[in-house]
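Understanding the architecture of this molecule
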Amino acid sequence: MTTELRVYLLIEDLQRQFAAYLATPTRARGYPPFEGQHAVIVEVAPGLAIERVIDLALRAVPGVEPGILFVERQFGVLEVHSSDLAEVRRAGAAVLEGIGAAETDRLRPKILYQDVIEDLTDQHAVIINRNRQASMVLPGETLLVYEVTPALFAALAANEAEKAAPDNTLVDVQMIGAAGRLYLSGSTGSILKARDAITEALDGLDGRSHG
């Protein structure tokens, strides 16, 4: 049966906040990653095809650790990581070869929405913090909200934003579902720097167009 590659994403040098987010129980059902490690994230359809994908990765490179294995309504998601970038690359290559796909067969990221909200009100901060999965946003800070599809590209957005402006606070990442969403807070200058880094990273990825 045919397996559709939706996302293939190599993330080098996991940043401190994003790695900690990935290591939370709601994300890392398997082995938690650490700062400085490298990861490859794959999304395929149909969802259960992800079980073949993880088999391909782990048989080829037993040294990589699976952090996320998730079968959602339509798609399957796998994240594996290692301190050895070459191992991660080999695992990803084994997956691509096994399903008969190339990296460029993935969907191109599509930016759906972005906004920068300055001087966040206290009530706004409270209601965001009730739903967050990472750190808290504080009243008076500047908030970046960013939405992209496929959802897993929010992972790249979070990591690239932290590389560009590590002083910002990672408030929330939603990287599985119909769309990916990222919430970052900090000073206006740092938030704008992070926003531009995200856009540049997403625009630099090739792939097929959305149907």
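Thresholds, definitions, all that
Residues numbered from 1 in each chain as written. Predicted model: local features only at pLDDT ≥ 70, side-chain atom pairs only at ≥ 80, totals over all residues. Heavy atoms only, no water. Helix = DSSP H or I, 4+ residues; strand = E, 2+ residues; numbered from the N terminus. Rg over C-alpha atoms; globule rule 2.2 N^0.38 Å. Buried < 20%, exposed > 50% of the residue type's maximum accessible area, 1.4 Å probe, protein only. Contact = heavy atoms within 4.5 Å. Areas by Shrake-Rupley, 256 points an atom, 1.4 Å probe, with all protein chains shown as cover. Lys, Arg positive; Asp, Glu negative; His and termini not counted. Charge placed at Lys NZ, Arg CZ, Asp CG, Glu CD. Core = buried A, V, L, I, M, F, W, Y, C linked by side-chain atoms within 4.5 Å. Arc of directions from axis to C-beta. Salt bridge = Lys/Arg side-chain N within 4 Å of Asp/Glu carboxyl O. Phe/Tyr/Trp six-rings, centres within 6.5 Å; stacked < 30°, edge-to-face > 60°. Axes fitted to C-alpha atoms, helices over the stretch in contact; angles between N-to-C directions. Parallel < 35°, antiparallel > 145°, perpendicular 65-115°, else oblique. Left-handed = near helix turned anticlockwise from the far one by under 90°. Nonpolar A, V, L, I, M, F, W, Y, C, P; charged D, E, K, R; others polar.

Re the overall build of the chain
- Counting secondary structure elements, the chain contains 6 helices and 8 strands.
- In sequence order, the chain lays out its α and β elements as β-α-β-α-β-β-α-β-α-β-α-β-β-α.
- Over its C-alpha trace the chain gives a radius of gyration of 17 Å, about what one expects of a compact globule, namely 17 Å for 211 residues.
- Buried positions account for 51% of the 211 residues belonging to the chain.
- Sequence-distant contacts in the chain: of pairs separated by 6 or more residues, those separated by 24 or more amount to 73%.
- Here the chain displays about 9,900 Å² of accessible surface, and carbon together with sulfur accounts for 50% of that area.
- When the 19 basic and 29 acidic side-chain charges of the chain are each reduced to a single mean position, those positions are 5 Å apart.

Describing the nonpolar core
- Judged by nonpolar contacts, the single largest core of 36 residues is most densely connected at F18, L170, M175 and L182.
- When contributions to this core are tallied by element, the ones reaching two or more residues are β1 (4-11), α1 (16-22), β2 (38-45), β6 (142-149), α5 (153-164), β7 (169-174), β8 (180-186) and α6 (188-203).
- Per-element tally for this core: the top contributor is α5, with 7 residues.
- Residues within four places of M175 in sequence aside, it is in contact with Y21, L22, I41, I68, A151, L152, A154 and A155.
- Of all hydrophobic cores here, the second largest spans 20 residues; its members include V42, V64, L78 and V80.

Let's talk about helix α4 (residues 122-129)
- The set of residues buried in α4 consists of A125, I128 and N129. All buried residues of α4 fall inside an arc of 95° around its axis, so they share one side. Along α4, exposed side chains directed more than 90 degrees from the buried face belong to Q123 and I127.
- Its buried side turned inward, α4 meets β6, β7 and β8.

Observations concerning the pattern of salt bridges
- Evaluated as defined, the whole model comprises 11 salt bridges.
- Taking the shortest distance from any N to any O, the salt bridge between R89 and E12 comes out at 3.1 Å. In this pair, R89 sits in helix α3 (residues 85-99) while E12 sits in the loop between β1 and α1, placing the two residues 77 residues apart along the sequence.
- Relative accessible area serves as the criterion here: at 33%, E12 is assigned to the partly exposed category.

Points about the packing of aromatic side chains
- If you walk through the whole model with that rule in mind, you get 1 aromatic pair.
- Geometrically, the ring pair formed by F18 and Y21 is stacked, given 6.0 Å between the ring centres and 25° between the ring planes. Highlighted residues: F18 and Y21, both in helix α1, separated by 3 residues, approximately one helical turn.

What to know about the packing of helix α2 (residues 50-60) against α3
- Where α2 contacts α3, the two axes come as close as 8 Å, and the packing angle between them is 130°. For the element pair α2 / α3, the angle class is oblique. The way α2 lies across α3 gives a crossing that is right-handed. Contact residues: α2 offers V53, L56, A57 and A60, while α3 offers A91, A94, V95, G98 and I99.
- Partitioned by chemical class, the residues of the contact of α2 with α3 number 8 nonpolar, 1 polar and no charged.

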